[in-house]
Amino acid sequence: MKQTLLEERYPLFIMELGRDETELADIDAICNYFRRCIEAHRCARFIAEFDHYAHTRGLPEGDVAADIRAARNIIFCFGISLPSAQMLAVRPRSIGVAETDQGFVISFMETPMPIANAAMEDWAEGLRRESQASPSITAAEPARGPGRAP
């Protein structure tokens, strides 16, 4: 997974996943995987799934890159704290899933909450794991790894 800035202001995590790197065959399976991860997390709450591809294609001026076959957003909230009313501007969270000819592109914006970033990164990396039977993050403990505090 790589971290980058989009348009020099949006800190994003992006993972490109080849079809041979996951057991999941299509965007439906990947979206269902993320929904299971969210529902299994003690602090996260699933809100909706948005079909961005259908929405954009349905607009008279809609334009979708030629290599994108499908594009959806999994919308959810961690909701651990609400320190100010202004925080509502950056919530809820979204994980983008695009299906391309080559595979999948998973993306999400960095949050100011380390536990949320760790969970979303772990969920995305879980797509590479052999076993897809259950989410890789437990309800009580965030993922541990390089750069993450114990």
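Residues numbered from 1 in each chain as written. Predicted model: local features only at pLDDT ≥ 70, side-chain atom pairs only at ≥ 80, totals over all residues. Heavy atoms only, no water.

## Thoughts on the pairing of strand β6 (residues 103-109)
As judged from the seven bridges shared by strand β2 (residues 10-18) and β6, these two strands associate in the antiparallel manner. Directly across from Leu-12, in β6, lies its bridge partner Met-109. In terms of strand pairing, strand β5 (residues 93-100) meets β6 through five bridges, oriented antiparallel. Across the sheet, Ile-95 pairs through a bridge with Phe-108, a residue of β6. Between β5 and β6, which follow one another and run antiparallel, lie two residues. (Pairing = 2+ DSSP bridges. Helix = DSSP H or I, 4+ residues; strand = E, 2+ residues; numbered from the N terminus.)

## Let's talk about the layout of surface pockets
Estimates place the volume of the largest pocket at around 580 Å³. What lines the largest pocket is a set of 25 residues, among which His-52, Asn-73, Gly-96, Val-97 and Ser-107 lie closest to the centre. In terms of residues, the lining of the largest pocket owes the most to one element, β5, which gives seven residues. (1 Å grid on protein atoms, 1.4 Å probe; cavity = no way out; pocket = protein on both sides within 12 Å on 5 of 7 lines; lining within 4 Å. Points joined across faces, edges and corners; volume = space filled by probe spheres on them.)

## Digging into the pattern of salt bridges
Here the structure, examined in full by the defined rule, presents eight salt bridges. Of the charged contacts in the structure, one is a salt bridge between Arg-128 and Glu-21, with a shortest N-O distance of 2.4 Å. Here Arg-128, found in the segment after α3 (114-126), pairs with Glu-21, found in the loop between β2 and α1 (27-40); they are 107 residues apart in sequence, far enough to count as distant. For Glu-21, a relative accessible area of 34% translates into the label partly exposed. Close ionic contact of Glu-99 with Arg-69 constitutes a salt bridge, the shortest N to O distance being 3.9 Å. A residue pair is termed long-range when its members are at least 10 positions apart, and Glu-99 in strand β5 and Arg-69 in strand β4 (residues 68-77) qualify at 30 residues. Exposure remark for Glu-99: the relative accessible area of 9% places this residue in the buried category. Ionic contacts of the salt-bridge type, sharing partners, join the residues Arg-19, Arg-69, Glu-99 and Asp-101 into one network. (Salt bridge = Lys/Arg side-chain N within 4 Å of Asp/Glu carboxyl O. Buried < 20%, exposed > 50% of the residue type's maximum accessible area, 1.4 Å probe, protein only.)

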